Amino acid sequence: MEAPVLRTEDLNAGYGKMHILFDITLAFPEKKVTVIVGPNGSGKSTLLKTIFGLAKVISGKIYLKTQEITSKPPHDIAKMGIAYLPQTQNIFENLSVQENLKMAAYTLSKEEASAKVEEVLSIFPLLRAYMKQKAGKLSGGERQMLATAMALMRSPEILMFDEPTAALSPKISHQLINIIRDLNTKKEKTIILVEQNAKLALEISDYAVIMGSGRVTYKGEGRKLLEDPELGALYLGLRARQQ
Amino acid sequence: MPLANLLTNAFTYSNMLVLMALGLTFSYITLKVPNFAQGDFIAVGAYVAYTSYVLWDIHPYLTIPLSFHVSGAISLLMFLFVFSPLSKRGFKLTELMIAYFAAEMIIRSALLIYTDYMQSSLSKYFSNILIPVGQVEIGGYEISSPLLASFILLLTILVSFLIILKYTKLGIALRAVIQNPELGRVYGVNVEKMYAISWFLAGGITGMTGPVILTFFPTDPNIGWTFLIRIFAASIVGGIDSMLGAVIGGYFVGMSEVLGIYVLSQPPIGLQPVYRVVIPFVLMIAALLIMPRGIASKLEGISFRRERK
């Protein structure tokens, strides 16, 4: 495995008194797509939130390259080049699309921000037509595109997506997954993708992590899960679903 | 009372109620806890002005910026030393409301001690104070100074608010954080700092009314407490989670109180003017029964309001 850009060491975390993640030791390789799958409540989203400083670390450590970032506040982590896209409420509904992009560039200078707006609009040309419109009026797919565009505003090295295709039609889901793949292949971003739709996500993955009940139950190459029917059936019930 | 006088009183009073309600609403939409000390910022503002007047003979209206900063600073201290530590320990609405009550009593008591001290050391009145400022002549018309001052103040605040919230980075971030603080954090906004700024502004705006009140009403350290119910009535009638609501509610409650008590004090009813505070009370109860989200909620799409989950 390539040098990890982000890793966790014996990470235990949760919310308040709720202990959700148990002894998570993972390494996320640089410029690769790591997909995290698992059933509802397995702690996938909590893992992303913990890395981003939005959940409480009970014990263990998180490193970005060589720097420890455990329990740093989100606004500091955001500045260090990690972007996190929450599953829901990932845009400011009552602000216009333009204001949303401005907000996403909060830590940038004015010049940098306007240059970045042009850059992300070239990736999501669709948004150009909606600049003055309230973001709350966008469709589900457009919202995810805006959220992704916002995540890109600060040129993060690492993008963490929390179930971006949830509640999207299969066609739009494919489009979005392809955009995420392009961010990796064309823009060389490190992607951490939490997905319910395992099959769709694994197709673009380099590595895969399977979680269950707050623990890591599998880590390895993503495609293997798709290609090896036994592994797929064992961990994901893929074959059962296909029959 | 001639009609012109009555309307002058009604508008001056309403302009100031709008400013006070703006302060309360602004602190409420950020932290979702009503600040019971909001009224005391009026008294703080008024005593900043009065002290400057007694000691250095400064016109009360010239101390408005100073009143803004002193009240804002006290509001900020409340955020830093009451709200912030308590909410970090997981205390919720009820405990915080009680803590704000306590803070209110501390501020009011401090003012009472201050006025007592000043009164005895300077041998000047520091209670039931009023600085008459008379009228100004504009284009041949005599206009009451408090009316003009309150109007200019309100207009300045509304226009600045509109510009700040709509066009500045700080304003957009404030609106964003009010709607979705969690997402604000995700995009690198220091949410606590935004809250602190909001509370400074909220205290400052209400505090600015102090110097004007001082030239309009007899003032004492309890004035904030007596105004509190009216500020809440204005915010609730207008819609406590909307800035537009504060403007609508402030005028509605202010006008109703002044004009209402005038009508009720005439024969055949002949009610004593001292009962005027009943009017905002009744309006508030009626609003909660009929229109709990306030008048502004009926004008959806015009105001900006926090998302309801």
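As a convention, each chain's residues are numbered from 1 in the sequence order in which they are written. Labels are handed out in written order, letters beginning with A for the chains and numbers beginning with 1 for the ligands. Two thresholds apply to this predicted model, a pLDDT of at least 70 for residue-level local features and 80 or more for giving and counting side-chain atom pairs, whereas whole-chain, interface and lining totals are computed over all residues. Hydrogens and waters are ignored; side-chain quantities use all the structure's heavy atoms.

Peer 1: Summarise the overall build of chain A; cite the residues concerned and give the values.
Peer 2: When helices and strands are counted, chain A shows 10 helices and 10 strands. A compact globule built from 243 residues would reach a C-alpha radius of gyration of about 18 Å, and chain A, at 18 Å, matches this within 12%. Partly exposed describes any residue whose relative accessible area lies between the buried limit of under 20% and the exposed limit of over 50%, with all areas from a 1.4 Å probe on protein chains only and scaled to the type maximum. In chain A, which comprises 243 residues, the share counted as buried stands at 53%. Here, residues are in contact when the closest pair of their heavy atoms is within 4.5 Å. Within chain A, contacts between residues at least 6 apart in sequence are counted, and of these 66% link residues at least 24 apart. Accessible areas in this description were obtained via Shrake-Rupley with a 1.4 Å probe; residue shielding takes into account the shown protein chains only. Total accessible area on chain A is roughly 10,800 Å²; 49% of this is exposed by carbon and sulfur atoms. Asp and Glu are treated as the negative residues and Lys and Arg as the positive ones, with His and the ends of the chain left uncounted. Positions of charges follow a simple convention, taking NZ of Lys, CZ of Arg, CG of Asp or CD of Glu. Computing the positive centroid from 32 side-chain charges and the negative centroid from 26, chain A places the two 5 Å apart. Helical segments are the DSSP runs of H or I of at least four residues, strand segments are the runs of E of at least two, and each set is numbered from the N terminus. The globule rule used for comparison is 2.2 Å times the number of residues to the exponent 0.38, while the radius of gyration itself is calculated over C-alpha atoms.

Peer 1: Kindly report on unusual backbone geometry, identifying the contributing residues and their values.
Peer 2: Excluding glycine, residues mostly have negative phi values, and the peptide bonds linking residues are mostly trans. Omega for the peptide link from Pro 267 of chain B to Pro 268 of chain B comes to 5°, which places this bond in the cis form. Within the secondary structure, Pro 268 of chain B is located in the loop between helix H10 (243-265) and helix H11 (278-290). The backbone of Gln 89 of chain A shows a phi angle near 45°, a positive value even though the residue is not glycine. Note that Gln 89 of chain A resides in the loop between strand E6 (82-85) and helix H3 (97-104). On the basis of relative accessibility, which here comes to 30%, the residue Gln 89 of chain A falls in the partly exposed class. A positive phi angle is found at Lys 32 of chain B, which is not glycine, with a value near 65°. On the secondary structure map, Lys 32 of chain B appears in the loop between helix H1 (3-31) and helix H2 (40-56). We classify Lys 32 of chain B as partly exposed; its relative accessible area is 26%.

Peer 1: Can you lay out the nonpolar core for me, pointing to particular residues and giving the numbers?
Peer 2: Take the buried residues of types Ala, Val, Leu, Ile, Met, Phe, Trp, Tyr and Cys, join any two whose side-chain atoms come within 4.5 Å, and each joined set is a nonpolar core. Counting residues in hydrophobic clusters, the biggest one holds 175 residues, and the most contacted among them are Leu 6 and Leu 101 of chain A together with Phe 227 of chain B. Top element by residues in this core is H1 of chain B. It accounts for 15 residues. With residues up to four places along the chain from it excluded, the contact list for Phe 227 of chain B reads Tyr 13, Leu 17, Met 20, Ile 42, Ile 213 and Phe 217 of chain B.

Peer 1: Before we move on, can you summarise the confidence of the model for chain B with the specific residues and values?
Peer 2: Residues and elements named next belong to chain B. A score between 0 and 100, pLDDT records how confident the predictor is in each residue. Overall, the predicted model of chain B reaches an average pLDDT of 91, with 96% of residues at or above 70. Per-element confidence in chain B ranges from a low mean pLDDT of 86 for helix H7 (residues 181-186) to a high of 96 for H2. Segment residues 302-309 is flagged for pLDDT under 50; beyond a separation of four residues in sequence, or across chains, it makes 31 contacts in the model. This complex was scored by the predictor with a pTM of 0.82 and an ipTM of 0.75.

Peer 1: Talk me through the packing of H2 of chain B against helix H3 (residues 64-88) of chain B; I want residue IDs and the actual numbers.
Peer 2: Residue and element names in this part refer to chain B. For every element, the axis is a line fit to its C-alpha atoms; helices are fit only across the contacting stretch, and the angle between N-to-C directions ranges from 0 to 180 degrees. In the contact formed by H2 and H3, the axes pass within 9 Å of each other and the chain directions differ by 140°. The orientation of H2 relative to H3 falls into the category oblique. For H2 against H3, the interelement crossing comes out right-handed. Taking contact as the criterion, the partners of Phe 41, Val 44, Gly 45, Val 48, Ala 49 and Ser 52 in H2 are, on H3, Leu 66, Ser 67, Val 70, Ser 71, Ile 74, Ser 75 and Met 78. Under the scheme applied here, ten amino acids are nonpolar (Ala, Val, Leu, Ile, Met, Phe, Trp, Tyr, Cys and Pro), four are charged (Asp, Glu, Lys and Arg), and all others, including Gly, are polar. Of the residues that constitute the contact of H2 with H3, the class distribution is 8 nonpolar, 5 polar and no charged. Roughly parallel covers angles under 35 degrees, roughly antiparallel covers those over 145, roughly perpendicular covers 65 to 115, and oblique covers all other angles. Note: crossing handedness is left-handed where the near helix turns anticlockwise from the far helix by less than a right angle, and right-handed where it turns clockwise.

Peer 1: Let's hear about the packing of H1 of chain B against H10 of chain B: which residues, and what values?
Peer 2: Pairs of packed helices are described in terms of their axes, by the angle between the two and the distance that separates them. Residues and elements named next belong to chain B. Packing of H1 against H10 leaves a shortest axis separation of 7 Å and a crossing angle of 145°. Once H1 is placed against H10, the crossing between them reads as right-handed. Considering only residue class, the contact of H1 with H10 consists of 20 nonpolar, 6 polar and 1 charged.

Peer 1: Break down the interface of chain A and chain B for me, with residues and values.
Peer 2: Chain A puts 26 residues into the contact, and the matching count from chain B is 21 residues. Accessible area that two parts lose when put together, with a 1.4 Å probe and added across both, is what the buried area reports. Summed over both partners, the interface of chain A with chain B buries about 2,200 Å², with 59% contributed by carbon and sulfur atoms. For this analysis, a salt bridge means a side-chain nitrogen from Lys or Arg found within 4 Å of a carboxyl oxygen belonging to Asp or Glu. Inspection of the region where chain A meets chain B yields 2 salt bridges. Here a polar contact means two N or O atoms within 3.5 Å. Within protein one must be a hydrogen donor candidate and the other an acceptor candidate, and residues neighboring in sequence count only if both atoms are side-chain atoms. The interface formed by chain A and chain B includes 6 residue pairs in polar contact (both at pLDDT 80 or more). Those elements that place two or more of their residues in the side of chain A that touches chain B are helix H2 (74-79), H3 and helix H5 (140-152) of chain A. The leading source of residues in the side of chain A that touches chain B is H3 of chain A, at 4 residues. Here the side of chain A that touches chain B is built from residues that sort into 17 nonpolar, 5 polar and 4 charged.

Peer 1: With reference to specific residues and values, describe the side chain of Thr 50 of chain A.
Peer 2: All names here are of chain A. Tracing the sequence through the fold places Thr 50 in helix H1 (residues 44-51). Of the residues examined, Thr 50 reaches a relative accessible area of 1% and is grouped as buried. In this structure the side chain of Thr 50 is engaged in a polar contact, spanning 2.5 Å, whose partner is the backbone oxygen of Thr 46. Beyond its immediate stretch of four places on either side in the chain, Thr 50 contacts Leu 11, Ala 13, Leu 21, Ala 55, Val 57 and Ile 62.

Peer 1: I'd like to hear about the environment of Leu 86 of chain B, residue by residue, with values.
Peer 2: All names here are of chain B. Structurally, Leu 86 can be placed in helix H3. On a C-alpha basis, the gap between Leu 86 and Ala 99 in space is 8.8 Å, while along the polypeptide they are 13 residues apart. With residues near it in sequence (within four places) discarded, Leu 86 still touches Phe 91, Leu 96 and Ala 99.

Peer 1: Describe in detail the sheet that holds strand E1 (residues 4-15) of chain A, supporting the description with residues and values.
Peer 2: Residue and element names in this part refer to chain A. The pairing criterion for strands is at least two bridges between them, as found by DSSP. Strands sit in the order E2-E1-E4-E5 across an open sheet of 4 strands; the sheet is antiparallel. Two strands close off the open sheet at either side, each with one partner strand: strand E2 (18-29) and strand E5 (67-68). Judged from the 2 bridges that link them, strand E4 (residues 56-64) and E5 form a sheet pairing that is antiparallel. Bridge pairing in E5 links Tyr 63 to Glu 68.

Peer 1: Give me the sheet that holds strand E8 (residues 190-194) of chain A: which residues, what numbers.
Peer 2: Residues and elements named next belong to chain A. The 6 strands lie next to each other as E6-E7-E8-E3-E9-E10, forming an open sheet whose pairing is mixed. Every other strand in the sheet has two partners, leaving E6 and strand E10 (215-221) as the edge strands with one partner each. Here the strands of the sheet are splayed against their neighbours by 15° on average, with no regard to which way each runs. In the packing of H5 onto the sheet, contacts are made with E6 and strand E7 (158-162), and the angle to E6 comes to roughly 165°. Contacts from helix H6 (residues 170-185) reach strand E3 (33-37), E7 and E8, with the element oriented near 155° to E8.

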